[in-house]
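# What the coordinates show
The chain contents come next:
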Amino acid sequence: MSRSLVTPLFVLALASIAAMVVSVGTGSVSVPPGDVIAVILGEGSSLQQTLVLELRLPRTLSAFATGGLLAVAGALMQVLLRNPLADPYILGLSGGAAVGALLAMLAGLGGLIVSGSAFAGALLATLMVFGLAHGTGSWTPSRLLLTGVVVASGWGAVITLMLAISPAQRLPGMLYWLMGDVSYARSPSPALALLFLVCLLVVPLGRSLNVLARGPMQAAALGVSVRPLEWTIYVLASLLTATAVTMAGSIGFVGLVVPHMLRLVLGNDQRLILPACALGGGALLVLADTLARIVIAPEQLPVGVITALLGVPTFLYLLYRSR
Amino acid sequence: MLNSLLLPALLSLSLLAMGQSMPVAAKVCVTDDTGANVCLEQPARRIAALSPGATELVWAAGAGDHVVAVVSFSDYPEEASSVVSVGSHTRVDLERLMQLQPDLVIGWVTGNPPEQIEALKDLGLPVFSIEPRSFEDVSHTIERLATLAGTDDVGFAEAQRFRAGIAAMERRYRDAEPVSVFYQVWDKPLMTVNDEHLIGKVITLCGGVNVFGALERLVPRISSEAVIGANPEAILAGGMGQENRHWLTRWEAFPSLDATKKNNLYFIPPSLIQRPTPRMLEGSRLFCEKLDDARAKR
């Protein structure tokens, strides 16, 4: 890998680590920095250990994994559909996940079952779009996009219906899930492992993705087998999104805007953009979640509010500067 | 004769002595409303109440002094508002809660997020989850909380006072003339309760007949048309009367309604009957008075 690829990634990695340090070091209860280090070295009071190791650290890692997964999935979808408005949810995946999760909540179930049925719903939505977009005729990204968008509207209607008929006391939980919230996340390790694996996997694919981003005709002419590559991207992006949604509900904005922000700064080389998205998306969500925890503590804000409030001005600034 | 007086006295003296020498020996176990067994090695001394209703019930059980954490809207009794808040019942700030080092958490089965309750259990905290659905549940919850906090004297007396109060009203209104009632929980969207809801049970207690009692959902959303079709004799709204006057004035536009014709439009302070706590006794008395007033206008 050339130096021009390594430097930005190194900077982003430093930023991610800084974000995580801030996140683990702050909360509604103040733990002095020295004590945080003591706790990480295995000392400190049992209360501080609970706060840092059992509440903050898993949540920080979950936020990082979720943000990274969403940003990579968004970048992949934008390449696949050759549409700047594409985000991980554009093909109705979050809708399927939401219906699964809300059904579980409506039945009064919690925890693992909600996550499990969200994942099942996401996979169902993926398979539906996969099957329907194939149809009898030829397959094109625009056909995939249309199928996905229409299926997504269908899920939207089902979600509204479920909200309308669900008992009042279950509504807050459902609405918070729909807004996205890292506090639902349990163990972050599978998602972190997936994020790492996918980064390793897409870097060798990067060259082909770069060609594909210029259009399928050119890619085919340059010897890229377009169809298998497109399906690989679709399946990968779906898996990433399903994992992220399962962890933290449908957090918006990260998947749409982080890839664009990084492209404005770093250029459109997929070999660089995809790992950069993993780091940048992760760092953004970690920072946003930290703010969400402390802004009006002890009350907590949904993290999606903060991602948008942080991201919108940053993005507009970058866009304005780039002309 | 002397023996029968002396023996209990001696017994209680020796019990008292035992109690002083071995204060830790009292392990207590109760079953919560999810069916889970909650055991404490010693009476709870740092209680976190994760709903405004739970806060009131803990106070009713005589353990108010031991409450170290509440959630927003815990406004009764007045002392509760000076206790540290750990967020709202839909989203608890787990960090702040852990900092207060509670030895007992009172959860709300349908109100608190199940993930957070599970997280607290994983952290090793005993969680007693409540979901009172009847008058007897209110008494029974107070008794169980008193057992957990070691305040049986106060708690069981309060539970008994509530039980007796409800029983007295049941006797008084058993043969009262039925009044058809519409209870308005909320204005937009228009919401009411069915017979399973505690407020529905207050209506029945007072000899009222809830016109939407047979609906399946606990808090059904309905149309104004359905209310006009049901033509209740009295309409009661959960409100204070000042800030939500329009909740009842909307019915004055329909002079054909019996409730409007007879001016049987009443407000009930919602905090008195919308929380499953001993204050329901006072709320129920108010509710019954309104229905008595409606009967008097016949």
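### Considering the environment of Glu56(B)
All names here are of chain B. Considering the arrangement of structural elements, one finds Glu56 in helix 2 (residues 52–60). The buried category is assigned to Glu56, whose relative accessible area is 4%. Note: C-alpha distance between Glu56 and Pro278 (222 residues apart in sequence) is 8.2 Å. Among residues more than four places away in sequence, those in contact with Glu56 are Tyr76, Arg275, Thr277 and Arg279.

### Quick word on the nonpolar core
Core analysis: the largest hydrophobic core is formed by 98 residues, its most contacted members being Val72(A), Leu76(A), Leu81(A), Trp177(A) and Ile251(A). Top contributing element to this core by residue count: helix 3 (residues 46–81) of chain A, with 14 residues. With sequence-adjacent residues up to four places away left out, Leu76(A) is seen in contact with Leu209(A), Ile233(A), Leu236(A), Ala237(A), Leu240(A) and Leu274(A). Counting residues in hydrophobic clusters, the runner-up holds 58 residues, among them Val28(B), Ala60(B), Val70(B) and Val179(B).

### Concerning the interface of chain B and chain A
Taken together, the 22 residues of chain B in the interface contact 32 residues of chain A. Buried surface at the junction of chain B and chain A, both sides included, amounts to about 2,500 Å², of which 51% is carbon and sulfur. On the chain B side of the interface with chain A, the three residues burying the most area are Arg91(B), Glu95(B) and Glu115(B), jointly 32% of the side's total. Counting across the chain B and chain A interface gives three salt bridges. Arg91(B) serves as the salt-bridge partner of Asp181(A), at 2.9 Å between the closest nitrogen and oxygen. The interface formed by chain B and chain A includes 12 residue pairs in polar contact (both at pLDDT 80 or more). Mapped by element, the contributors of at least two residues to the side of chain B that touches chain A are strand 5 (87–88), helix 3 (94–99) and helix 4 (114–122) of chain B. No other element matches helix 3 of chain B, which puts five residues into the side of chain B that touches chain A. In terms of residue class, the side of chain B that touches chain A is built from five nonpolar, eight polar and nine charged.

### Quick look at the confidence of the model for chain B
Residue and element names in this part refer to chain B. Overall, the prediction assigns chain B a mean pLDDT of 88, with 91% of residues at 70 or greater. The model gives residues 1–23 a pLDDT under 50, and that stretch makes one contact with residues more than four places away or in other chains. Prediction confidence for the complex, expressed as pTM and ipTM, is 0.80 and 0.72 respectively.

### Looking at the state of the cysteines
All names here are of chain B. For the structure shown, the criterion picks out two disulfides over all chains. Paired through a disulfide, Cys29 and Cys39 show a sulfur-sulfur distance of 1.9 Å. Measuring handedness by torsion sign, the sulfur bridge of Cys29 and Cys39 sits at about 110° and is right-handed. With Cys29 in strand 1 (residues 28–31) and Cys39 in strand 2 (residues 37–40), this residue pair connects regions lying 10 residues apart in the sequence. Covalent S-S linkage joins Cys206 and Cys288, the inter-sulfur distance amounting to 2.0 Å. What sets the handedness of the Cys206 and Cys288 disulfide is the S-S torsion sign, and at about -80° it is left-handed. Taken together, the residues Cys206 in the loop between helix 7 (198–205) and strand 10 (208–210) and Cys288 in helix 12 (residues 280–296) connect sequence positions 82 residues apart. Since its relative accessible area comes to 0%, Cys206 is described here as buried.

### Overview of the packing of helix 12 (residues 270–294) of chain A against helix 13 (residues 303–322) of chain A
Residues and elements named next belong to chain A. For the pair helix 12 and helix 13, interaxial distance at closest approach is 8 Å and the crossing angle is 120°. If you check the angle between helix 12 and helix 13, you find them oblique. Judged by the sense of rotation from one axis to the other, the crossing of helix 12 with helix 13 is right-handed. Contacts between helix 12 and helix 13 pair Leu284, Leu285, Ala288, Asp289, Leu291 and Ala292 from the former with Val303, Ile306, Thr307 and Leu310 from the latter.

### With respect to the pattern of salt bridges
Counted under the stated rule, the structure contains 24 salt bridges over all chains. Lys262(B) serves as the salt-bridge partner of Glu233(B), at 3.7 Å between the closest nitrogen and oxygen. Of this pair, Glu233(B) sits in the loop between helix 8 (224–230) and strand 11 (234–238) while Lys262(B) sits in the loop between helix 10 (258–261) and strand 12 (265–268), and the two are 29 residues apart along the sequence. Assessed through its relative accessible area of 9%, Glu233(B) is described here as buried. Put simply, Arg56(A), Arg59(A), Asp289(A), Arg293(A) and Glu95(B) are held in one network by salt bridges that share partners.

### Examining a nonpolar patch on the surface
Residue and element names in this part refer to chain A. A surface patch of nonpolar side chains, about 440 Å² in accessible area, is lined by Val22, Leu287, Leu291, Val295, Ile296 and Leu310. With respect to the helices, strands and loops of the structure, Ile296 is situated in the loop between helix 12 and helix 13. Note on Ile296: relative accessible area 41%, which makes it partly exposed.

### Digging into helix 5 (residues 135–149) of chain B
Residue and element names in this part refer to chain B. In a regular helix each residue adds 1.5 Å, so 15 residues correspond to 21 Å; helix 5 covers 22 Å between its end C-alpha atoms and thus fits that length. By the criterion of burial, helix 5 is predominantly enclosed, with 12 of the 15 residues buried. Listed as buried for helix 5 are Phe135, Val138, Ser139, Thr141, Ile142, Glu143, Arg144, Leu145, Ala146, Thr147, Leu148 and Ala149. Following helix 5 by one or two positions, Gly150 adopts a phi angle in the positive range, close to 70°.

### Some remarks on the pairing of strand 11 of chain B
When a strand is regular, its side chains alternate between the sheet's two faces. All names here are of chain B. Counting buried residues in strand 11 gives five out of five residues, a clear majority hidden from the surface. Neither face of strand 11 is exposed, since Ala234, Leu236 and Gly238 on one face and Ile235 and Ala237 on the opposite face are all buried. Bridging between strand 9 (residues 179–184) and strand 11 involves four bridges; their strand directions are parallel. Residue pairing for strand 11: Val181 is matched across the bridge by Ala234.

Rules and cut-offs
- Residues numbered from 1 in each chain as written.
- Chains lettered and ligands numbered in written order.
- Predicted model: local features only at pLDDT ≥ 70, side-chain atom pairs only at ≥ 80, totals over all residues.
- Heavy atoms only, no water.
- Helix = DSSP H or I, 4+ residues; strand = E, 2+ residues; numbered from the N terminus.
- Buried < 20%, exposed > 50% of the residue type's maximum accessible area, 1.4 Å probe, protein only.
- Contact = heavy atoms within 4.5 Å.
- Core = buried A, V, L, I, M, F, W, Y, C linked by side-chain atoms within 4.5 Å.
- Buried area = accessible area lost by both parts, 1.4 Å probe.
- Salt bridge = Lys/Arg side-chain N within 4 Å of Asp/Glu carboxyl O.
- Polar contact = N/O pair within 3.5 Å; in protein donor to acceptor, adjacent residues only side chain to side chain.
- Nonpolar A, V, L, I, M, F, W, Y, C, P; charged D, E, K, R; others polar.
- pLDDT = per-residue confidence, 0-100.
- Disulfide = S-S within 2.5 Å.
- Axes fitted to C-alpha atoms, helices over the stretch in contact; angles between N-to-C directions.
- Parallel < 35°, antiparallel > 145°, perpendicular 65-115°, else oblique.
- Left-handed = near helix turned anticlockwise from the far one by under 90°.
- Patch = residues over 30% accessible without salt bridge, like charges linked within 9 Å, V, L, I, M, F, W, Y side chains within 5 Å.
- Areas by Shrake-Rupley, 256 points an atom, 1.4 Å probe, with all protein chains shown as cover.
- Expected span 1.5 Å × (residues − 1).
- Pairing = 2+ DSSP bridges.

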